[in-house]
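Residue-level structure breakdown
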Amino acid sequence: MTTSDKPKHAEGEENEEHKSGFLGKVKGFIHDVGEKIEEKVGFGKPTADVKAIHIDSIDLKRAELRVEVLITNPNPIPIPLVDINYLIESDGRKLVSGLIPDKGTIHSHGSETIQIPLTIIYEDIKSTYNDINPGSIIPYKVRVELIVDVPVIGRLTLPMEKTGEIPVPYKPEVELAKIRFGKFAFDETSATLHIKLDNKNDFDLGLNVLEYEVWIAGTNIGGARLSKSAKIEKKGQGIVEVPILFRPKDFGSAMWEMIRGRGTGYSIKGNIDVDTVFGPMKLPFEKQGGRTRLRKEHDDKDDDED
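Residues numbered from 1 in each chain as written. Predicted model: local features only at pLDDT ≥ 70, side-chain atom pairs only at ≥ 80, totals over all residues. Heavy atoms only, no water.

Taking an unreviewed UniProt entry as the reference, the protein is identified by name as Water stress and hypersensitive response domain-containing protein belonging to Papaver somniferum. Entered under Sequence similarities (unreviewed entry) in the UniProt record, the comment concerning the protein runs "Belongs to the LEA type 2 family." (UniProt positions renumbered as here; feature names shortened; annotations may be inferred.)

Set out below in structure tokens:
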């Protein structure tokens, strides 16, 4: 076939081939540039993880928790932390939930720890679930969702969770088991109060401090704040011996009844500071209308109470 016999393409077909070749090169160029920009700029998805849950304080009314979350931002610019959703549940039952808005921004190219404070109100959960009793330990699961707004990528939700256990404290029961006096005088008598603490919790109490005030036969004999070291085992009892000075002549005829070995009425109230496996607690105690006897220092009879 001669040169003149070669098939000729239409002018439109030549233009299409030219355009497709040009566009292909442009697309390839843009793809290459995009990959290089992505490598250099490094926009990516942040990551987050619950590192720990701290119990900052516990009393008979509430538990204050603090969730420690480590979040990493691989991007070259800070990203807004829009919202934080949280849920605390126990055995699939909701204890508390909520939303914390606008927690600021996460710094670029780095990791930082954010603190999320949460509160459990015991009265709320006990009124909702009547099988959650004071003195018990309940399992919990904390679910946290961080909502971030990442440039180029958009809004993302970073879910995470962590489990643990938390106590529902029981107020200690207290009795003034006996009063042993040493040097007896109507103007001033030294004595030792034997205070019995009943721990109805499912966890041990490590006693550190005892604050108390005592009334005998309606008369205030004083109180103190003492540092005492004692361990009261779970579901167990402990005796704390507390020295005190009082004036027997202030008691009138009630003191004669006590001297004769007869019981007399008393009231006691105060607080104990204790260590537990969940952290320190301050627990109040109170006893109204009890009865006790006054004993000599070396009287070891066991029937000290009426």
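So that's the structure; there's more coming.
**A few points about the side chain of D198**
Within the secondary structure, D198 sits in strand β10 (residues 189–198). On the accessibility criterion, D198 (17% relative accessible area) is buried. Residues in contact with D198, not counting those within four places in the same chain, are P172, E173, G236 and Q237. (Helix = DSSP H or I, 4+ residues; strand = E, 2+ residues; numbered from the N terminus. Buried < 20%, exposed > 50% of the residue type's maximum accessible area, 1.4 Å probe, protein only. Contact = heavy atoms within 4.5 Å.)

**Let's talk about the packing of aromatic side chains**
Under the counting rule described, the total for this entry stands at 1 aromatic pair. A ring pair is formed by F203 and F278, whose centres lie 5.6 Å apart and whose planes are at 80°; its orientation type is edge-to-face. Here F203 is found in the loop between β10 and β11 (205–216), whereas its partner F278 is found in the loop between β14 (264–276) and β15 (279–292), with 75 residues between them in sequence. One exposure class covers both F203 and F278, and it is buried. Across the ring face of Y129, the terminal group of R93 is positioned such that the distance to the ring centre comes to 4.5 Å. (Phe/Tyr/Trp six-rings, centres within 6.5 Å; stacked < 30°, edge-to-face > 60°. Lys NZ or Arg CZ within 6 Å of the ring centre and 35° of its normal.)

**As for the pairing of strand β13 (residues 237–246)**
Of the two faces of β13, only the one carrying G238, V240, V242, I244 and F246 is buried; Q237, I239, E241, P243 and L245 on the other face are not. Pairing analysis gives 10 bridges linking β10 to β13, with the strands arranged antiparallel. Within β13, the position partnered with I195 by the bridge is V240. (Pairing = 2+ DSSP bridges.)

**Side note on the pairing of strand β1 (residues 47–58)**
Where β1 lies against strand β2 (residues 62–73), 10 bridges are found, and the strand directions are antiparallel. Each residue of the ladder has a partner; that of A52, found in β2, is E68. Counted between consecutive antiparallel strands, the loop separating β1 from β2 contains 3 residues.

**A short note on the pattern of salt bridges**
According to the stated counting rule, one finds 15 salt bridges in the structure shown. Across the salt bridge formed by R66 and D56, the nearest N and O atoms sit 3.0 Å from each other. Of this pair, R66 sits in strand β2 while D56 sits in strand β1, and the two are 10 residues apart along the sequence. Using a relative accessible area of 25% as the deciding quantity, one classes R66 as partly exposed. Under the relative-accessibility criterion, D56 is labelled partly exposed at 41%. D202 is the salt-bridge partner of K235, the closest N and O atoms lying 3.7 Å from each other. Here K235 is found in the loop between β12 (219–232) and β13, whereas its partner D202 is found in the loop between β10 and β11, with 33 residues between them in sequence. Judged by its relative accessible area of 55%, K235 is exposed. On the accessibility criterion, D202 (32% relative accessible area) is partly exposed. Through salt bridges that share partners, E89, K141, R143 and E161 make up one connected network. (Salt bridge = Lys/Arg side-chain N within 4 Å of Asp/Glu carboxyl O.)

**A look at unusual backbone geometry**
Despite not being glycine, D91 shows a phi value in the positive range, around 50°. Of note, D91 is situated in the loop between β3 (79–90) and β4 (93–101).

**Notes on the nonpolar core**
One finds V67, I88, I116, L146, L193 and I195 to be the most contacted residues of the largest nonpolar core, which totals 67 residues. Considering each element in turn, this core owes the most residues, 7 residues, to strand β7 (residues 137–150). Two domains each provide a minimum of three residues to this core, namely domain 1 (44–168) and domain 2 (173–292). When residues no more than four places from it in sequence are discounted, the contact partners of I88 are L65, R93, K94, L95, V96, L118, I120, Y140, K141 and V142. (Core = buried A, V, L, I, M, F, W, Y, C linked by side-chain atoms within 4.5 Å. Domains from an automatic or database assignment.)

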